[in-house]
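Structural description and commentary
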Amino acid sequence: MLNKIKNLENEFTVGKAAFIIGVFTLLSKLVALFRDPLILSRIGVGDTTDIYFSAFRIPDFIFQLLVLGTLSVAFIPVFTEWLITDKDKAYRVANSILNAALLGMGLVCVILLIFSAPLTKLLVPGFSGEKLIRTIQLTRLFLLSPLIFTASSVFTSILSSYKKFLMLSLAPILYNLGIIAGLFFLYPRFGLTGLGIGVIVGAFLHMSVQIPEVLRYGFRWQGVLDWRDASVRKIAKLFLPRVIGLDISQVSLIIGTTVGSILAAGSVTIFNAANNLQTVPLGVFALSVSQASFPLLSEYFAKGDQKAFLQTLSDNIIQVMFFIVPVAILMIMFRWYLVQIIYGHGKFTDADIVSLALTFGIMTVGLFGQSLSPLFSRSFYAMHNTIIPVAVNVSSIILNAGLTYFLGRHYGLPGIATAFAFICVYDSVLMAIFLRLHLSKGQVPFGPTDSLVASSMLKILLASAGMAVIGWVMIYLINIVGSPVGFVDTLVKSGIAVLISAITFVTLANYLKLNQAKQLLAILGKIF
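First, a word on what this report is: a plain description of the structure on this page. (Residues numbered from 1 in each chain as written. Predicted model: local features only at pLDDT ≥ 70, side-chain atom pairs only at ≥ 80, totals over all residues. Heavy atoms only, no water.)

**Observations regarding the pattern of salt bridges**
- In the structure shown here, the tally under the stated rule is nine salt bridges.
- D226 is the partner of R228 in a salt bridge, and the nearest nitrogen-oxygen pair spans 3.9 Å.
- Note on R228: relative accessible area 73%, which makes it exposed.
- Residue D489 is joined to K493 by a salt bridge in which the shortest nitrogen-to-oxygen separation is 3.4 Å. Residue D489 and its partner K493 are located together in helix 22 (residues 487-511), separated by four residues, close to a single helical turn.
- One salt-bridge network, in which partners are shared between bridges, spans D47, D50 and K131. (Salt bridge = Lys/Arg side-chain N within 4 Å of Asp/Glu carboxyl O. Buried < 20%, exposed > 50% of the residue type's maximum accessible area, 1.4 Å probe, protein only. Helix = DSSP H or I, 4+ residues; strand = E, 2+ residues; numbered from the N terminus.)

Dropping the structure here:
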């Protein structure tokens, strides 16, 4: 099967690339879903897991802020332009950016290390005593990971520019396996420190698996840092505003963790577990499309082909919604069974299951917003426009902070989840409005594109409605037969119900002549 996937990669289309990324992202998310329940079943929901998840927030946030989704969207358009005309120049620029990024991230991590205590107190104001001290200690250990991921992100950007996604898609799987290894082999002896070492080992594996591939395409490290180079300055110009335009969901995690720390013990853990669960389809079906299409959108903009740019964007919107709408509906409908299967064992209690299912269900309502925002923002960055997405995200951050604090204090975790979902939808809708206004300045007519998107969305909604009816019937039949008891019973009954519901959606979508359904069936036929 791996060879067949490599063949798909060699015949690039956005759909095939998104399929490759999606398959391995799904595998990575499945490993992550295996990872988190293992941690919670062995440790339990409480102070220890609150410490573990909270310690991720500052290192993860700084990496998300300065590198992930930031460096790549500034780097790829410029690097791609040079690949077309001068490969040696492209790699000289890449080395300058790699060295500058490592130096910059190293300096930031040293500063964060020095001020880790007051920053952690600010992040989790509800923690005190030993719980706060251990959170600070684990945060300091986790500050090694942004440095490793910075180098890994540059390698990912290079491979993305070549439209080679297999190795970079394998990297997150190895990262999660490193954490699982730390849980089994290091945690029993060294406690949370051992689990933290597993995180660092996973980050190193994430980087290492991509090195042979970038070497194969001609990359060689050079000790250069040419700030006078126009391309380096151009990347910096695109990079700096993008820092402010961080993905709103990442800011929501910071705010949710802060408010969650003042609630009951375990609230931070439940919030993070719900987020990890609802982001599975986000990574598989949405981020894979935006990541695969970004080099192509950058290329079309560089060539001045606005018609192809607009066509690619509209196709990607339809493709994302084709998967996200039915998946989100199924996740909401079968949320209790899903949580029971994944987390319902070990030290995870029935009360934890109820709390997680409720929080997860509310957050999933905002999934379509989370799915479209990366695509819209990358469309702006492909056009070298940073002002609009930054302005939209700043407004979202301000609204998010106030809404999360108000709803969290009054309604607890459900309030935090509601604020999260609302902000994700708000951000994507506002981004879509400004993107439409920006693209309408061109000479390409929107009529055919609007008609295609509108008709496709109607078909997706009709197929999803039919699927939902079948899903409710299946849930009713499950309850008549008898509520599932135990892991195997729940897995079999709910699995059959979800499978029948999903087949219903694909069948209806194919009957309604949705191209995405035909493409999905064709790709599955080639693989299996």
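**Thoughts on unusual backbone geometry**
- Phi is positive for K513, which is not a glycine, with a value near 65°.
- Following the sequence through the fold, K513 ends up in the loop between helix 22 and helix 23 (515-527).
- Judged by its relative accessible area of 57%, K513 is exposed.

**Section: the packing of aromatic side chains**
- Within the structure shown, the criterion is met by 18 aromatic pairs.
- Taking the centre distance of 5.4 Å and the plane angle of 40° together, the rings of F63 and F149 count as tilted. Placement of the pair is F63 in helix 3 (residues 47-66) and F149 in helix 8 (residues 144-161), with a sequence separation of 86 residues.
- Accessibility expressed as a relative area gives 9% for F63, which makes it buried.
- On the accessibility criterion, F149 (10% relative accessible area) is buried.
- Residues F334 and Y337 carry aromatic rings whose centres are separated by 6.1 Å and whose planes lie at 50° to one another, so their mutual orientation is tilted. Of the two residues, F334 and Y337, neither departs from the other in class, the shared state being buried.
- Among the aromatic residues, those joined into a cluster by ring pairs are F75, F79, Y91, F155 and F219.
- Stacked on the ring of W82, the Lys or Arg K89 has its end atom at 5.5 Å from the ring centre. (Phe/Tyr/Trp six-rings, centres within 6.5 Å; stacked < 30°, edge-to-face > 60°. Lys NZ or Arg CZ within 6 Å of the ring centre and 35° of its normal.)

**With respect to helix 9 (residues 166-190)**
- Here helix 9 spans 35 Å end to end across 25 residues, near enough to the 36 Å set by a 1.5 Å rise per residue.
- Residue L183 marks the point of greatest curvature in helix 9, where the axis turns by about 40°.
- Among all positions of helix 9, only L166, L168, S169, A171, I173, Y175, N176, G178, I179, I180, G182 and L183 are buried.
- Downstream of helix 9 by a residue or two, G191 has a phi angle that is positive, lying close to 70°. (Expected span 1.5 Å × (residues − 1). Bend = angle between axes of the 7 residues up to and from the residue.)

**With respect to the packing of helix 3 against helix 7 (residues 129-142)**
- Where helix 3 contacts helix 7, the axes come no closer than 8 Å and their chain directions differ by 40°. Judged by the angle between their axes, helix 3 and helix 7 are oblique. As helix 3 runs across helix 7, the sense of the crossing is right-handed. Only K131, R134, T135, L138, T139 and F142 of helix 7 make contact with helix 3, whose side of the interface consists of D47, T48, D50, I51, Y52, S54, A55, F56, I58 and P59. (Axes fitted to C-alpha atoms, helices over the stretch in contact; angles between N-to-C directions. Parallel < 35°, antiparallel > 145°, perpendicular 65-115°, else oblique. Left-handed = near helix turned anticlockwise from the far one by under 90°. Contact = heavy atoms within 4.5 Å.)

**Considerations on the packing of helix 3 against helix 10 (residues 192-208)**
- Look at helix 3 against helix 10: their axes get within 11 Å of each other, and the N-to-C directions meet at 35°. Crossing hand, helix 3 versus helix 10: right-handed. For the pair helix 3 and helix 10, the contacting residues are T48, I51, Y52 and F56 in the first and L192, L195 and V199 in the second.
- Grouping the constituent residues of the contact of helix 3 with helix 10 by class yields six nonpolar, one polar and no charged. (Nonpolar A, V, L, I, M, F, W, Y, C, P; charged D, E, K, R; others polar.)

**Comments concerning empty space enclosed by the protein**
- By the definition in use, this model includes two cavities of 30 Å³ or more.
- The computed volume of the second largest cavity comes to approximately 30 Å³.
- R57, D60, F61, Q64, Q250, L253 and I254 together form the lining of the second largest cavity.
- Elements supplying a minimum of two residues to the lining of the second largest cavity: helix 3 and helix 13 (248-260).
- Top contributing element to the lining of the second largest cavity by residue count: helix 3, with four residues.
- For the lining of the second largest cavity, the class distribution of residues is three nonpolar, two polar and two charged. (1 Å grid on protein atoms, 1.4 Å probe; cavity = no way out; pocket = protein on both sides within 12 Å on 5 of 7 lines; lining within 4 Å. Points joined across faces, edges and corners; volume = space filled by probe spheres on them.)

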